[in-house]
Amino acid sequence: MEGCIFCKIVRKEIPARIAAENSLVLAFYDVNPQAPVHILVIPKEHISSVLEIKENHQEVLSQMILLAKRIAKQEGVDQSGFRLVFNCGADAGQAVDHLHLHLLGKRRLGWPPG
Ligand code: AMP
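Since the model is a prediction, treat every value here as computed from it, not as a measurement.

Describing the nonpolar core
Next, step 1: By size, the foremost hydrophobic cluster in this structure holds 20 residues, and its most contacted members are Ala27, Ile39, Val41, Met64, Leu67 and Ile71.
Next, step 2: Sorting the residues of this core by element identifies strand 1 (18–21), strand 2 (25–29), strand 3 (37–43), helix 2 (58–74) and strand 5 (101–105) as the ones contributing at least two each.
Next, step 3: With seven residues, helix 2 is the single largest residue contributor to this core.
Next, step 4: Discounting residues that sit within four places of it in the chain, Ile39 has contacts with Ala19, Ala27, Phe28, Tyr29, Asp30, Ile71, Glu75, Leu101, His102 and Leu103.
Next, step 5: Within the second largest apolar cluster, nine residues are counted, among which are Phe6, Leu26, Phe28 and Leu40.

Description of the site of the ligand
Next, step 1: Around the ligand sit 17 residues, and of these Asp30, Gly93, Ala95, His100 and His102 come closest.
Next, step 2: Separating an oxygen atom of the ligand from a backbone N or O atom of Ala95 is a distance of 2.6 Å.
Next, step 3: At 3.1 Å, a backbone N or O of Val96 approaches an oxygen atom of the ligand.
Next, step 4: Here the ligand, which alone exposes 500 Å², has 82% of that area covered by the protein.
Next, step 5: Per-element tally for the shell around the ligand: the top contributor is helix 1 (residues 5–10), with three residues.
Next, step 6: Among the residues forming the shell around the ligand, the class breakdown is nine nonpolar, seven polar and one charged.

The rules behind each value
- Residues numbered from 1 in each chain as written.
- Predicted model: local features only at pLDDT ≥ 70, side-chain atom pairs only at ≥ 80, totals over all residues.
- Heavy atoms only, no water.
- Core = buried A, V, L, I, M, F, W, Y, C linked by side-chain atoms within 4.5 Å.
- Buried < 20%, exposed > 50% of the residue type's maximum accessible area, 1.4 Å probe, protein only.
- Helix = DSSP H or I, 4+ residues; strand = E, 2+ residues; numbered from the N terminus.
- Contact = heavy atoms within 4.5 Å.
- Near = heavy atom within 4 Å.
- Polar contact = N/O pair within 3.5 Å; in protein donor to acceptor, adjacent residues only side chain to side chain.
- Areas by Shrake-Rupley, 256 points an atom, 1.4 Å probe, with all protein chains shown as cover.
- Nonpolar A, V, L, I, M, F, W, Y, C, P; charged D, E, K, R; others polar.

What follows is the structure in C-alpha cells.
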C-alpha cells in the first residue's frame, strides 16, 4: 500500500534492521524497543489489522509464528521466555495499520499488560 510505512520497509524504501525474512514474511527490530529484544514480524502483503485477516491468510499467519519462533531461538529467549502480541485498534494502542506481531523478551514482562 502506497503510504504505509511497513510496506515501505518491505519495498526497502526506508531502512530497517532486518532480523529474518522469507518470501511471505519480514522481521525487523523495533525502532523504539520496549524490551531488550523487540522485533516486529509482518506479512509482506498489506493486511491492516487482525480484523482484516481472511481465510486465505492461513499460510502467511503460520509463517509469521514459525519465523517468530525461529527468531526467539536466534535471540536466545526461547528458554527464558518471550511474548508474542498483536495490538488491534485504539484501545490496544495499534499505531501502524499494517499487521505486525511483536516479539518481546530478555526481561521479565508484567501481566496484565498496561
Ligand atoms: P503498534 O503500537 O502495535 O502499532 O506498534 C507499532 C510499532 O512499530 C511500535 O513499537 C513502533 O516503535 C514500531 N515502529 C514504527 N515505525 C517503525 C520503523 N520505521 N521501524 C521499526 N519499527 C517501527
